[in-house]
Amino acid sequence: MDKRPSIRPRAGDALIAVDVQNDFLPGGSLAVTGGDEVVPVLNEYIAAFRRDGLPIYATRDWHPVDHCSFQAAGGAWPPHCIARSPGAKFAPDLALPEETTVISKATTSGKDAYSGFEDTELARDLHHTGIRRVFIGGLATDYCVLGTVNDALAAGFEVFVLEDAVRAVNVEPDDGSKALTSMRHHGAALIRREMLAA
Ligand SMILES: [Zn+2]
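Numbering of residues starts from 1 in every chain and runs along the sequence as written. Local features in a predicted model are, by the rule used here, given only for residues with pLDDT of at least 70; side-chain atom pairs are given and counted only at 80 or more, and totals for whole chains, interfaces and linings are based on all residues. Only hydrogens and water are removed before side-chain values are computed, so all heavy atoms of the structure are retained for them.

1. Looking at helix α1 (residues 38–51)
Then step 1. The first and last C-alpha atoms of α1 sit 20 Å apart over 14 residues, in line with the 20 Å expected at 1.5 Å per residue.
Then step 2. Burial here depends on accessible area, computed with a 1.4 Å probe over protein chains only, as a share of the maximum for the residue type. Under 20% is buried, over 50% is exposed, and the range in between is partly exposed. Numbering goes from the N terminus for both helices and strands, where a helix is a DSSP run of H or I of at least four residues and a strand is a run of E of at least two. Those residues of α1 lying buried are Val38, Val39, Val41, Leu42, Asn43, Tyr45, Ile46, Ala48 and Phe49.
Then step 3. In this structure, the buried side of α1 is in contact with β1 (13–18), β2 (56–61), β4 (133–139), β5 (158–167) and β6 (189–191). Here a helix's expected span is defined as the number of its residues, less one, multiplied by 1.5 Å. We call two residues in contact whenever any of their non-hydrogen atoms come within 4.5 Å of each other.

Structure representation (structure tokens):
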């Protein structure tokens, strides 16, 4: 008997695209190397979920101009994803359907949030929609994907990380691979798109 869980998307599954925003793509103010490479891969996952009528979520950093994560305010990062600015827009080629549920996070100046669950309606909305398994990809592996995956696990969801649709900041060269290892140790499964059709 094959005891692997089925990863064919089914009722009760949701796709979560984390922070696929212009400022995190090459040319953006906080560019992740290869960040643009997740877009066509995520589009394949989006197409698969749409085909089955399954819900799609997209989180976004949505900061005020004086956000505490910015260096001018003593934070670690250059200004990025300022609400309503071009840098905060989703990647133009990301094929999010109109019915995507958009989750804005870190929207007040005094508090940062790497996880899409932090101070948002995401957990409540997923539970309300009857979601039990979440498929998470996007940017960046070692920050907002990691935070979102950990919170999804803590909230009781079964979590699949789209290993081929994430990229890392890598402040230290192996931050991304360490983050993936940590997610697996905490109970997430790493998958690639060719495994969806199995
Ligand atoms: Zn941010």
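Picking up where we left off.
2. So, the coordination of the zinc ion
Then step 1. Those protein atoms acting as donors to the zinc ion are Asp61 (OD), His63 (NE2) and His80 (NE2), and they sit at 2.0 to 2.1 Å.
Then step 2. Here the donor residues for the zinc ion map to a single chain with the spacing D-x1-H-x16-H. On the criterion of sequence distance, the pair formed by His63 in the loop between β2 and β3 (101–105) and His80 in the loop between β2 and β3 is long-range, its members being 17 residues apart. Note on accessibility: His63 and His80 belong to one class, buried. Only nitrogen, oxygen and sulfur atoms qualify as donors, and only when within 2.8 Å of the metal (3.2 Å in the case of Na, K and Ca); with water excluded, sites may look incomplete.

3. Examining the pairing of β1
Then step 1. When you tally the buried positions in β1, you get six out of six residues, the bulk of the element.
Then step 2. Neither face of β1 is left uncovered, since the one carrying Asp13, Leu15 and Ala17 and the one carrying Ala14, Ile16 and Val18 both have all their residues buried.
Then step 3. Here the rule is simple: two strands pair whenever DSSP picks up at least two bridges between them. Bridging between β1 and β4 involves six bridges; their strand directions are parallel. Following the sheet pairing, Leu15 is matched in β4 by Phe135.

4. Concerning the environment of Ile56
Then step 1. Locating Ile56 in the fold gives a position in strand β2.
Then step 2. By relative accessible area, which is 4% here, Ile56 ends up buried.
Then step 3. With 40 residues separating them in the primary sequence, Ile56 and Leu96 have C-alpha atoms 7.9 Å apart.
Then step 4. Excluding its chain neighbours within four sequence positions, the residues that come into contact with Ile56 are Leu15, Ile46, Phe49, Arg50, Leu96, Pro97, Thr100 and Thr101.

5. Some points on the side chain of Asn43
Then step 1. As for its placement among the helices and strands, Asn43 is situated in helix α1.
Then step 2. Residue classification places Asn43 among the buried residues on the basis of a relative accessible area of 19%.
Then step 3. Ignoring any residue separated from it by four or fewer positions in sequence, one finds Asn43 in contact with Asp93, Leu94 and Ala95.

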